[in-house]
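One letter stands for each residue in the lines below.
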Amino acid sequence: MRRAVALHGVSVVELSGLAPGPFCGMVLADFGAQVVRVDRPGSLGDQSALARGKRSLAVDLKRPQGQAVLRRLCALADVVLEPFRPGVMEKLQLGPEVLLRENPKLIYARLSGFGQSGRFSGVAGHDINYLALSGVLSRIGRSDENPNAPLNLLADFGGGGLMCALGIVMALFERTCSGKGQVIDANMVEGTAYLSSFLWSTQQTGLWERPRGQNLLDGGAPFYTTYRTADGGFMAVGALEPKFYELLVKGLGLKPDELPNQMSINDWPEMKKKFADVFAKKTRAEWCQIFDGTDACVTPVLTLEEVVHHGHHKDRGSFITGREQGVCPRPAPLLSNTPAVPSSKRDPFVGEHTEEILKEFGFSQEEIIQLKSNKIVESNKPRSKI
């Protein structure tokens with residue numbers, strides 16, 4: 001028997017795009033939603049990242065017949081997820097006014113970089129630009145170095161895809177009361193700024209009053225940073241509280257009475273050098289032997305290859321292995337009654353499920369044949385291997 005999943009019965013139409021949209025759709029699929037990814041024809045055989053648990057329909061939205069196909073899908077769907085710049089869907093006659101008129105219960109999620117309004121709304125950008133405009137990038141980086149974006153995780157996936165998924169779930173919940181859908185304006189700039197609420201709420205406390213890279217939580221403190229070990233590995237130190245700091249000093253083999261006060265900011269640079277010298281004398285494995293199981297808040301910096309094999313993750317089953325997808329993180333958070341059940345199948349080929357999706361949404365065989373003949377839709381059934 002199939003286990004219950006939180007979003008069972010929710011139908012999502014995801015218009016294909018880059019990282020944030022596919023991640024949002026994958027989260028919904030992992031937790032039980034039926035996600036149809038609408039792909040552009042002409043890229044048959046391609047597979048898209050973050051497509052786990054989805055099916056693919058290839059349709060040409062630039063042509064009126066293709067637009068009519070999408071309207072029929074959205075008339076029966078719970079959610080449509082679109083990742084384009086403002087105005088694109090309106091030009092295709094597929095904007096919220098049209099689709100919500102035909103389906104008042106539809107959740108219309110718009111995931112963009114700068115939002116649906118404002119002077120930057122129509123310009124191109126990427127994670128680093130959204131991060132910069134949110135104000136967060138100014139606080140990330142080493143002292144006396146340029147601001148440094150942490151990959152493209154914060155804006156694309158945190159402020160963008162995950163915030164959008166949250167908005168969709170909230171809108172679905174509200175619909176159980178009102179019976180009505182609504183439009184979601186999710187964008188990477190404001191989503192990232194919202195993620196940084198702690199920065200704003202603690203500005204007056206002095207927590208961030210020093211230049212970038214010289215504060216308590218941005219690498220300035222000797223007890224909240226990373227250190228290189230003798231074998232070229234790294235250890236992460238987060239011994240903020242005094243009782244944890246005492247255990248750190250003890251593990252390093254240093255004498256507390258020979259060190260400055262923990263919070264003597266002027267002494268932090270020299271203390272970092274001292275701690276660095278000590279960490280450099282042992283391998284990462286040796287430091288793990290010393291600190292594992294203690295409250296010193298010292299942990300190894302694991303590589304992506306190593307993290308899967310770490311004992312803690314094995315205890316919890318934090319990583320899963322799909323039949324064709326390889327190893328990946330297990331969906332989070334864990335729900336006790338309706339946990340995510342991520343698909344173990346390979347990601348779909350573009351257009352792989354075109355015919356079956358159209359049939360499910362009420363298209364007759366004659367209509368499907370005509371759409372294929374007119375090159376409005378494309379089907380790409382993979383050939384079986386003999």
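Because the structure is a prediction, the values reported are computed rather than measured. Throughout this document, residue positions are counted from 1 along each chain, in the order its sequence is written. For a predicted model such as this one, the threshold for reporting local features is a pLDDT of at least 70, and the threshold for listing and counting side-chain atom pairs is 80 or more; totals across whole chains, interfaces and linings nevertheless cover every residue. Hydrogens and water are ignored here; the side-chain numbers use all heavy atoms of the structure.

J.: Outline the sheet that holds strand β8 (residues 234–238), listing residues and values.
T.: Whether two strands pair depends on DSSP finding at least two bridges between them. Counting from the N terminus, the helices are DSSP H or I runs at least four residues long and the strands are E runs at least two residues long. Ordered in space as β7-β8-β9, the three strands form an open sheet in which the pairing is antiparallel. The two strands at the open ends of the sheet, each matched to only one other strand, are β7 (224–228) and β9 (298–300). Strand-to-strand twist of the sheet, defined as the mean angle between neighbouring strand axes without regard to direction, takes the value 25 degrees. As paired elements, β8 and β9 share three bridges and run antiparallel to each other. Bridge pairing in β9 places V237 opposite V298. The contact definition used throughout considers only heavy atoms, calling two residues in contact when any of these lie within 4.5 Å. Every angle, taken between N-to-C directions, lies between 0 and 180 degrees, and every axis is a line fitted to C-alpha atoms, over only the stretch in contact when it is a helix. Of the strands in this sheet, β7, β8 and β9 are in contact with helix α10 (residues 268–279), which crosses β7 at around 40 degrees. On top of the sheet, helix α11 (residues 284–291) reaches β8 and β9; it is set at about 30 degrees to β8, its chief contact.

J.: Run through the environment of N215, naming residues and quoting values.
T.: Tracing the backbone shows N215 in the loop between α8 (197–201) and β7. Whether a residue is buried, partly exposed or exposed follows from its accessible area with a 1.4 Å probe, protein chains only, as a fraction of its type maximum: under 20%, in between, or over 50%, in that order. Exposure remark for N215: the relative accessible area of 2% places this residue in the buried category. In this structure the C-alpha to C-alpha distance between N215 and I265, which are 50 residues apart in sequence, comes to 8.6 Å. When neighbours within four sequence positions are excluded, N215 is seen to be in contact with R139, L207, W208, E209, R210, G220, A221 and W268. A distance of 3.5 Å separates the side chain of N215 from the backbone nitrogen of E209, its partner in a polar contact. Any N or O atom pair separated by 3.5 Å or less is treated as a polar contact, with the protein-specific requirement of one donor-capable and one acceptor-capable atom, and with residues adjacent in sequence counted only for side-chain atom pairs. At a separation of 3.0 Å, a polar atom in the side chain of N215 contacts the main-chain carbonyl oxygen of R210.

J.: I'd love a proper account of helix α7 (residues 188–195), names of residues and values included.
T.: Turning to α7, its buried residues are M188, V189, G191 and T192. Buried residues belonging to α7 abut α1 (20–30), β5 (107–112), α5 (127–134), α6 (153–178) and β6 (183–187). A distance of 3.3 Å separates the backbone nitrogen of V189 from a side-chain oxygen at the start of α7, and that oxygen is part of N187.

J.: Before we move on, can you summarise the nonpolar core with the specific residues and values?
T.: Here, nonpolar core means buried Ala, Val, Leu, Ile, Met, Phe, Trp, Tyr and Cys residues that are tied together by side-chain atoms lying within 4.5 Å of each other. L28, C164 and I168 are the most contacted members of the largest nonpolar core, which has 31 residues in total. Those elements that provide at least two residues to this core are α1, β4 (79–82), β5, α6, β6 and α7. Ranked by the residues each element gives to this core, the list is headed by α6, at seven residues. In this structure C164 touches C24, L81, A109, L111 and A186, once residues within four positions along its chain are discounted. In terms of nonpolar packing, the next biggest core, distinct from the first, is built from 29 residues, V36, M89, I368 and L371 among them.

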